[in-house]
Amino acid sequence: MSALTKYLPEGWQEFDYVPLSWMGAGALAVGAAMWMMQEDTYPDLSAVDIKQQSIVCDEEQGIRCSPLVKDGKLMEFLYEDARTQHEAFLKGLESSNNGNCLGYRPGPGQPYKWLTYQEVLDRAQNFGSGLLEKGAKANPDQRIGIYSQNRVEWTVAEKACNGYSMVVVPLYDTLGPQAIKWIVEQCELEYIIVDKCEKALKILDCSDIFVKTIILVEEASDSVRQKASERNTALLLFSEIEELGKSHRKDFVPPKPEDLHTICYTSGTTGNPKGVMQTHGSLISNASAIYCAGSKGAVDVRVDDVHYSYLPLAHSFEKIVQTLCFMQGASIGFYQGDIKLLTDDLQTLRPTLFPIVPRLMNKFYDKINAGARQSKIKKFMLDLALRKKLALLNKGVVSRNTIWDKLVFKKVQNMVGGRVRICVTGAAPISPTVLSFMRCALGIPLTEGYGQTECGAGLSVTLPGDYSGGNVGSLLPCCFVKLVDVPEKNYFATENKGEVCLKGPSLFKGYFRDEDKTRAALDEDGWLHTGDVGQWLPNGSLKIFDRSKHIFKLSQGEYIAPEKIEQIYVQSSPVAQVFVHGESLKSSLVAVVVPDAETIVPWCRARGVNGSLEEICGNETAAKLILEDMNAIGQKNGLFAFELAKKAYLSSELFSVENDLLTPTFKSRRPQLYARYKDIIAQMYQGLD
């Protein structure tokens, strides 16, 4: 998992979780065994009975919903007067009594400065009025591009678009020039808000793109001004638009719930990105349902909560979290723009709400365990503390006020500010082992969400009290869900297995200007087909265990879901990334493996293979050892013999967004991976079948 090392915050590379001197640790360990929990535990925080996490609402069609759904009516909004993003912000202004809204750090080492809700609203009205003065239209046909990291101006621009019924089209760095060109042309973006000169030059340097106006947040460099002049593109500063609007203030033109809010482009593994059309109503529905499902504490966002914003606002996960914050009148503090400074931000902001993605949690987990392995007593104490807290977790209890927190986990909790009470993860699968570890280390429920951009962000969330792992929890009250047969893989709804399909007010309107892809995702009855294969567990929770897409058949007729195998293989400690490949004329699988740069050398040395990372990657014995380890883990996790790779090739090149082997959301680009390793794969198959 060393692929994330360069993104790890300062101070986490050499992480040592032990806050105390180890002198006398043995005596403390004896005393610890008698220490019971005090206050600050999390008892019954679920609004749903964890023994009945979904109910059958249409037995004939196999449709289920949340137990929170009453009389068959799905949740569309939490508050009658907050049914659009604009109304939700006004609700937050009222609820917070014009409290702190957006926070930022003027420079490294400086405290957060805050804008109140009214100050943000005023700036949004000024900016929106300025856009109108420059020729923009106050209606949902007007699309405004935002190409920026999370910052105050991102939100001001979004709230301006909300107030004047314009549509936000986020762009982001990892899209690449061709994808950006596609989005700009498809959405006919005349106005793009850009935070930095380098991004402005990316747009201006692309001869195929013409943008009427670029609005720059930072001061324009001479090269940007010259290039804009050459391209006949108007170049304005964000502050200039605000000042223009301030002197030409116009009344808001509020949107309706059914109006388009965002065209959120998702980067597919092949072809051009798809523009997911999210309405004001769909986003409000999803955020409201998430709050309702955790309304007794798990995601019970309150007016005094502080959220740390570092996950991209261009994606739905962060957008939904912020929607919920604004609706409740909470505060949002932005990161400094550099993920390596995350720790410093967290310790300065001391947030109570901290979303975290699985890749960062995996790195957290690896670093803590690597630190423990450096000393027998450290490993003993970590294992003991974890065992004691897991025993509590298995009883449905989490706490951060045990002796194990004082001795072992306090520094972990302080690394994220010491006040986090709400932590949500999503966007990718997470190992139950890692999830349980983080719940113990942070001493909070840590809710896992499952969903996709097309349904707002979330479809289900795990419930506090149910820490069994291996499932994605209870359905949100904004959607109906059913399982549909996948006959080619012998998954049938009558056996409680099948492709997960859903419908409800949180669903997207379709893909922007792409009827074919819309019809492929939404069937004639309006059900969204997710491509994920799920199973209903006895307690009504949903388990995701396979994919109906990216499936291929081996020559003996067995169907293979490579992503499932890859998720298991990366649990091998010397492995960072895996690409599993099979062909219809072959009976076996092969794998391209990227070793973990931090663990591979000592792991191999302990098994009699010496050398640097590059030398190990060329060593056949090392490849066989790693393959044996991956397959042992595969067998332990229930993989069939035909799902185990027969050969492995070690590559020292990480799969990344930059080399086009990963999507911006870190999913494998399977066609590109095959093209890169086509010759290697052919060599592995020689003599195999």
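Residues numbered from 1 in each chain as written. Predicted model: local features only at pLDDT ≥ 70, side-chain atom pairs only at ≥ 80, totals over all residues. Heavy atoms only, no water.

Along the chain, the regular secondary structure elements total 21 helices and 26 strands. Taken over C-alpha atoms, the radius of gyration comes to 26 Å for the chain, in line with the 26 Å a tight globule of 689 residues would show. With the principal axes as the frame, the chain shows a C-alpha extent of 75 × 60 × 60 Å. Burial status across the chain gives 57% buried among its 689 residues. Looking at the chain alone, contacts between residues at least 24 apart form 68% of all its contacts between residues at least 6 apart. For the chain, the exposed surface amounts to about 28,000 Å²; the carbon and sulfur share of it is 50%. (Helix = DSSP H or I, 4+ residues; strand = E, 2+ residues; numbered from the N terminus. Rg over C-alpha atoms; globule rule 2.2 N^0.38 Å. Buried < 20%, exposed > 50% of the residue type's maximum accessible area, 1.4 Å probe, protein only. Contact = heavy atoms within 4.5 Å. Areas by Shrake-Rupley, 256 points an atom, 1.4 Å probe, with all protein chains shown as cover.)

This part takes up the nonpolar core. It is characteristic of soluble globular proteins that their nonpolar side chains tend to be buried jointly. If you look at the biggest cluster of nonpolar residues, it comprises 105 residues, and the most contacted ones within it are Phe127, Ile193, Tyr308 and Tyr310. A total of eight residues in this core trace back to one element, the largest contributor, which is helix H9 (residues 280-293). Ignoring any residue separated from it by four or fewer positions in sequence, one finds phenylalanine 127 in contact with Val156, Ala157, Ala160, Ile193, Ile215, Phe238, Ile241 and Glu242. Core analysis: the second largest hydrophobic core is formed by 34 residues, Cys187, Leu260, Met277 and Phe512 among them. (Core = buried A, V, L, I, M, F, W, Y, C linked by side-chain atoms within 4.5 Å.)

Moving on, we come to the pairing of strand E20 (residues 528-536). Burial of E20 is extensive: seven of the nine residues sit out of reach of the surface. The pairing of strand E19 (residues 497-503) with E20 spans five bridges and is classified as antiparallel. Each residue of the ladder has a partner; that of glycine 498, found in E20, is glycine 534. Here E20 pairs with strand E21 (residues 542-547) via five bridges, running antiparallel. (Pairing = 2+ DSSP bridges.)

Okay, unusual backbone geometry next. The bulk of non-glycine residues show a negative phi, and the bulk of peptide bonds are trans. If you check the backbone angles, serine 165 has positive phi at about 60° while not being a glycine. If you trace the backbone, serine 165 turns up in the loop between helix H4 (152-163) and strand E6 (167-171). In this model, leucine 446 sits at a positive phi of 55°, which is unusual for a non-glycine residue. You can see leucine 446 is positioned in the loop between helix H15 (432-442) and strand E15 (447-450). On the basis of relative accessibility, which here comes to 2%, the residue leucine 446 falls in the buried class.

What follows is about the sheet that holds strand E12 (residues 306-309). Strands sit in the order E4-E3-E13-E12 across an open sheet of four strands; the sheet is mixed. Strands with a single pairing partner mark the edges of an open sheet, and in this sheet they are strand E4 (113-116) and E12. Taking the axes of each pair of neighbouring strands and ignoring which way they run, one obtains an average angle of 25° across the sheet. Against the sheet, helix H3 (residues 117-133) contacts strand E3 (100-104) and E4, and its axis sits at roughly 70° relative to E4. (Axes fitted to C-alpha atoms, helices over the stretch in contact; angles between N-to-C directions.)

Quick look at the confidence of the model for the chain now. If pLDDT is low for a region, its predicted coordinates should not be looked at in detail. With 91% of its residues at a pLDDT of 70 or more, the chain shows a mean pLDDT of 89. Across residues 1-40, where pLDDT falls below 50, the model places 96 contacts with residues more than four positions away in sequence or in other chains. (pLDDT = per-residue confidence, 0-100.)

Another aspect to go through is the sheet that holds E15. Pairing in this open sheet of four strands is mixed, and the strands run E14-E15-E16-E17 from one edge to the other. Looking at which strands have only one partner, the edges of the open sheet turn out to be strand E14 (424-425) and strand E17 (474-475). When strand E16 (residues 460-461) meets E17, the two strands line up antiparallel, connected through two bridges. Looking across to E17, one finds that serine 460 is bridged to leucine 475.

Within the secondary structure, lysine 212 is located in the loop between helix H6 (197-204) and strand E8 (213-216). On the accessibility criterion, lysine 212 (36% relative accessible area) is partly exposed. Taking the C-alpha atoms as reference, lysine 212 lies 8.0 Å from leucine 189; in sequence the two are 23 residues apart. Sequence-distant contacts of lysine 212, defined by excluding residues within four places in its chain, comprise Lys134, Glu190, Tyr191, Thr233 and Ala234.

In the contact formed by helix H14 (residues 403-415) and H15, the axes pass within 8 Å of each other and the chain directions differ by 105°. Accordingly, the angle class assigned to the pair H14 and H15 is roughly perpendicular. Residue-level inspection shows Asp405, Phe409, Val412 and Gln413 of H14 in contact with H15, the latter providing Cys440, Ala441 and Leu442. Partitioning the contact of H14 with H15 into residue classes produces five nonpolar, one polar and one charged. (Parallel < 35°, antiparallel > 145°, perpendicular 65-115°, else oblique. Nonpolar A, V, L, I, M, F, W, Y, C, P; charged D, E, K, R; others polar.)

Overall, the coordinates contain 16 aromatic pairs when judged by the stated rule. Relative to phenylalanine 354, the ring of tyrosine 308 lies with its centre 6.4 Å away and its plane at 45°, an arrangement referred to as tilted. Pair noted here: tyrosine 308 is in strand E12 and phenylalanine 354 is in the loop between helix H11 (342-349) and helix H12 (358-372), with a separation of 46 residues, a long-range link. Considered together, tyrosine 308 and phenylalanine 354 belong to a single accessibility category, that of buried residues. Taken together, the ring pairs in this structure connect Phe89, Tyr117 and Phe326 into an aromatic cluster. Across the ring face of tyrosine 79, the terminal group of lysine 91 is positioned such that the distance to the ring centre comes to 4.7 Å. Between arginine 607 and the ring centre of tryptophan 603, over which it is positioned, the NZ or CZ distance is 3.9 Å. (Phe/Tyr/Trp six-rings, centres within 6.5 Å; stacked < 30°, edge-to-face > 60°. Lys NZ or Arg CZ within 6 Å of the ring centre and 35° of its normal.)

In the contact formed by helix H13 (residues 376-394) and H15, the axes pass within 9 Å of each other and the chain directions differ by 95°. Taken together, the axes of H13 and H15 are roughly perpendicular relative to one another. When H13 is examined against H15, the residues Leu382, Leu386, Lys389, Leu390 and Leu393 are found in contact with a partner set consisting of Ser436, Phe437, Arg439 and Cys440.

Okay, the side chain of serine 541 next. In this fold, serine 541 is placed in the loop between E20 and E21. Look at serine 541 and you get buried, because its relative accessible area is 0%. A distance of 2.7 Å separates a polar atom in the side chain of serine 541 from a polar atom in the side chain of asparagine 539. In contact with serine 541, other than residues within four places in its own chain, are Gln53, Asn471, Gly473, Gln535 and Trp536. (Polar contact = N/O pair within 3.5 Å; in protein donor to acceptor, adjacent residues only side chain to side chain.)

With that out of the way, let us pick up helix H10 (residues 316-328). For H10, spanning 13 residues, the distance from its first C-alpha to its last is 18 Å, which sits close to the expected 18 Å at 1.5 Å a residue. Most of H10 sits inside the fold, with 13 of its 13 residues counted as buried. Glycine 329 lies just past H10 and shows a positive phi near 80°. (Expected span 1.5 Å × (residues − 1).)

Below, the discussion takes up the pattern of salt bridges. Tallied over the full model, the rule gives 28 salt bridges. Notably, a salt bridge pairs aspartate 81 with lysine 91, separated by 3.4 Å at the nearest N-O pair. Linking aspartate 81 in the loop between strand E2 (63-65) and helix H2 (85-95) with lysine 91 in helix H2, this pair joins segments that are 10 residues apart in sequence. Using a relative accessible area of 39% as the deciding quantity, one classes aspartate 81 as partly exposed. Across the pair glutamate 566 and arginine 670 runs a salt bridge, and its minimum N-O distance is 2.7 Å. (Salt bridge = Lys/Arg side-chain N within 4 Å of Asp/Glu carboxyl O.)

Along the chain, arginine 513 turns up in the loop between E19 and helix H16 (515-521). The exposure class assigned to arginine 513 is exposed, which follows from its relative accessible area of 51%. Each residue touching arginine 513, except ones within four places of it in the same chain, is listed here: Arg143, Gln186 and Glu188.

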